[in-house]
Amino acid sequence: MSEQTGKQLSKEEKDARFEAELLPVLDPLYNFAYRLTLDEDDANDLVQETYLKAYRFFDYFEQGTNAKAWLFRILKNSFINEFRKKSKQPAKVDYSEVEGYYNSEDVEGEGGVASTTDMRTESVQDLIGDEVASALNALPVDFRTVIILCDLEGFTYEEMAKILDIPIGTVRSRLHRARNSLKEKLEKYAKSMGYNS
Amino acid sequence: MESKFTEVYQKGPDDSYDTDCSKVSEMLDLIIDGEATSEEEKYFNTHLEECVSCFESHQKQKLLKGIISGHLKRVIVPESLALSIRAKIQETL
Ligand SMILES: [Zn+2]
């Protein structure tokens, strides 16, 4: 919006700032993409596309503003505009694949955690992690998104509103409904494990 | 001892306490996400001192947030990704 908008960056400046300000967001961005698409290849494509767009529109990015929120916003728009259309089917939910992905070194192939009698803290932790992932992945993508942005990435409501292009009131109600739905799923799980909620 | 508490909030769902509880339950997310104003926080905490059921809802909501942030594993970014992003950018200039 400022008088700086007209100022064109040299290629060197652009490349340097791209490296310093945008690429460090790669990890959270990839995680976000993966949670949206639930597929490694799709997450890869989505992240690449996001960075290409970011580079192309770098002049619109105001230095010192929130690079992470800006990139998340671009990624989410790409996901909605192109990606969701391209893959006609709703986001794939294949838990076995997701689990295998997490424990790539120690996949035993057979039945998995349930048959394990060893309840070391570590495996209990893994078990909770897998269950949380399954419950989260089973949520509609809009619900999943607000939970990730808020609880995993620590965005404020205001940032979330900007990323998602919705009013803060909608952020709040969506988050509220998403948490209720997640709570329900996890409570069922806790009961099946013999815990009382 | 505790009956004193339960009495207070079991008076019936249509009494005046109810408005406090629903107000507080609407604030739950604001509170656990650190988005509440200091007045809202004060109101919230005061109510929790005298209402066991809201106290418990707060514990649950905090637990849920903690489970997500603490137990959901992050996926590992493929090492080749940063490289291919840089390469793509240079070739599509
Ligand atoms: Zn109450």
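The name given to chain B in an unreviewed UniProt entry is Zf-HC2 domain-containing protein, and the organism recorded there is Pontibacter aydingkolensis.

As annotated in an unreviewed UniProt entry, chain A is Sigma-70 family RNA polymerase sigma factor from Pontibacter aydingkolensis. Word for word, the UniProt comment on chain A under Sequence similarities (unreviewed entry) is "Belongs to the sigma-70 factor family. ECF subfamily."

## Overview of the packing of aromatic side chains
Residue and element names in this part refer to chain A. A complete count under the given rule lists 7 aromatic pairs over all chains for this structure. On the numbers, 6.0 Å between centres and 55 degrees between planes, the contact of Phe57 with Tyr60 is tilted. Relative accessible area serves as the criterion here: at 39%, Phe57 is assigned to the partly exposed category. The exposure class assigned to Tyr60 is exposed, which follows from its relative accessible area of 62%. Relative to Phe61, the ring of Phe58 has its centre 5.9 Å away and its plane inclined at 40 degrees; by these criteria the two rings are tilted. Of the residues examined, Phe58 reaches a relative accessible area of 0% and is grouped as buried. Pairwise contacts between aromatic rings join Phe18, Tyr51 and Tyr55 into one cluster. Above the face of the Tyr55 ring, Lys14 is positioned so that its terminal group lies 4.5 Å from the ring centre. Lying over the aromatic face of Phe155, Lys68 brings its terminal NZ or CZ to 5.0 Å of the ring centre.

The rules behind each value
- Residues numbered from 1 in each chain as written.
- Chains lettered and ligands numbered in written order.
- Predicted model: local features only at pLDDT ≥ 70, side-chain atom pairs only at ≥ 80, totals over all residues.
- Heavy atoms only, no water.
- UniProt positions renumbered as here; feature names shortened; annotations may be inferred.
- Phe/Tyr/Trp six-rings, centres within 6.5 Å; stacked < 30°, edge-to-face > 60°.
- Buried < 20%, exposed > 50% of the residue type's maximum accessible area, 1.4 Å probe, protein only.
- Lys NZ or Arg CZ within 6 Å of the ring centre and 35° of its normal.

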